[in-house]
Amino acid sequence: MTASDRKSEISKRERIIREMADDLDEELEMELDDTRFDELLDETGMPGPTIDRRLYFRELLRLQSELIKLQDWVQSGKKKVVVLFEGRDAAGKGGVIKRITQRLNPRICRVAALPAPNERERTQWYFQRYVAHLPAGGEIVLFDSSWYNRAGVERVMGFCSEDEYQEFFKSVPEFERMLIRSGIILVKYWFSITDDEQQFRFTMRIKDPLKQWKLSPMDVESRSRWEAYTKAKETMLEHTHLPDSPWWIVDAVDKKRARLNCIAHLLTQIPYQEVARAPVTLPARVRNPDYQRGPVPPEMYVPAKY
């Protein structure tokens with residue numbers, strides 16, 4: 001190998017390293033966000049994270065590589081997967097959903113986070129607006145809160161009648177059996193945190209300007225109704241922890257452990273297999289000697305402020 005070849009090889013390797021580092025920026029950004037949170041924890045004298053950061057990243061990346069295999073299996077076999085994420089406000093559902101979707105194709109794995117129903121939707125069959133978001137073949141849908149809103153916030157806040165509440169428990173087992181019979185793989189998670197932990201996370205959101213948007217008036221109201229939400233959760237689990245669609249409880253007080261544990265468990269619930277990919281070969285670049293690239297007016301460029 002000549003000196004020129006070695007220089008070219010080193011340059012190529014450095015470019016690959018930069019590209020890989022750039023690909024990790026999103027996770028590093030989220031980690032910095034967690035670090036800010038940990039610093040706030042330290043200020044209050046609360047215990048910090050209980051899992052080594054290097055172990056956390058190593059396991060997260062390993063699990064995300066398995067999620068890519070799951071995605072390929074779902075796509076190639078035209079499978080349909082639905083995962084429900086439920087839990088109290090600030091329980092960490094959004095954090096694990098971000099880590100699941102972070103490296104997946106958004107055309108295959110998408111998130112359904114429905115707003116409060118409008119006037120028309122309130123007159124529909126209760127499950128109707130959720131059905132519209134169910135997956136077609138080759139898709140994964142993660143519900144950030146789901147039809148179980150009726151058993152939780154709607155019950156506690158008085159947004160549904162007693163008859164509607166009781167009808168929900170009569171309908172939901174058969175509704176979920178219909179989904180499963182249609183070929184949908186259904187997995188349900190409840191994220192569990194303590195009273196003190198929710199109080200602390202809400203306090204941090206109030207103090208943190210980058211997270212204040214997460215604290216809605218409904219979230220604030222939920223603090224004063226902790227026991228009512230607990231009772232509603234217990235009733236929900238009693239009626240809907242079914243043999244064919246069971247609930248899985250995620251201990252979410254430690255957010256990093258909760259993310260790893262939930263993703264690792266999800267992978268065990270779906271019988272995916274690694275799908276062989278056809279090798280990709282880039283075609284030779286076609287060059288037309290008559291082609292001349294036109295100039296771009298300077299005023300069209302975004303100002304280079306950085």
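Below: a short report on this structure. These figures come from a predicted structure and were not determined experimentally. Note that residues are indexed from 1 along each chain, following the sequence as it is written. Given that the model is predicted, a residue must reach a pLDDT of at least 70 before its local features are reported, and side-chain atom pairs must reach 80 or more before they are shown or counted; all residues, however, enter totals for whole chains, interfaces and linings. Side-chain metrics rest on all non-hydrogen atoms present in the structure, leaving aside hydrogens and water.

1. Regarding the overall build of the protein chain
Logical step 1: Each helix is a run of H or I in the DSSP string that is no shorter than four residues. Each strand is a run of E no shorter than two, and both are numbered from the N terminus. Across its full length, the protein chain holds 12 helices and 5 strands.
Logical step 2: Only heavy atoms enter the contact rule, under which two residues are in contact if any of them lie within 4.5 Å. Pairs at least 24 apart in sequence give 79% of the contacts found in the protein chain among residues at least 6 apart.
Logical step 3: Of the roughly 19100 Å² of accessible surface on the protein chain, a fraction of 54% belongs to carbon and sulfur atoms. Accessible areas in this description were obtained via Shrake-Rupley with a 1.4 Å probe; residue shielding takes into account the shown protein chains only.

2. Comments concerning the environment of D144
Logical step 1: Turning to its location among the elements, D144 is positioned in strand β3 (residues 139-144).
Logical step 2: Linking D144 and G94, residues 50 residues apart in sequence, is a C-alpha distance of 7.2 Å.
Logical step 3: Residues in contact with D144, not counting those within four places in the same chain, are F85, K93, I97, V111, A112 and A113.

3. Brief notes about the nonpolar core
Logical step 1: We define the nonpolar core as a collection of buried residues of types Ala, Val, Leu, Ile, Met, Phe, Trp, Tyr and Cys that are connected through side-chain atoms lying within 4.5 Å of one another. Whether a residue is buried, partly exposed or exposed follows from its accessible area with a 1.4 Å probe, protein chains only, as a fraction of its type maximum: under 20%, in between, or over 50%, in that order. By size, the foremost hydrophobic cluster in this structure holds 34 residues, and its most contacted members are F85, I100, Y189 and F191.
Logical step 2: Take this core: its biggest share by element is 8 residues, from helix α3 (residues 53-77).
Logical step 3: When near neighbours in sequence (up to four residues on either side) are disregarded, Y189 contacts V83, L84, F85, E86, W247, W248, V250, C262, H265, L266 and Q269.
Logical step 4: With 25 residues, the next largest nonpolar core counts V82, Y126, L134 and W190 among its residues.

4. As for the environment of K80
Logical step 1: Within the secondary structure layout, K80 lies in strand β1 (residues 80-87).
Logical step 2: Residues in contact with K80, not counting those within four places in the same chain, are P135, A136, G137, E139, S182, G183, I184 and I185.

Limitation: the analysis is restricted to geometry and does not speak to function.
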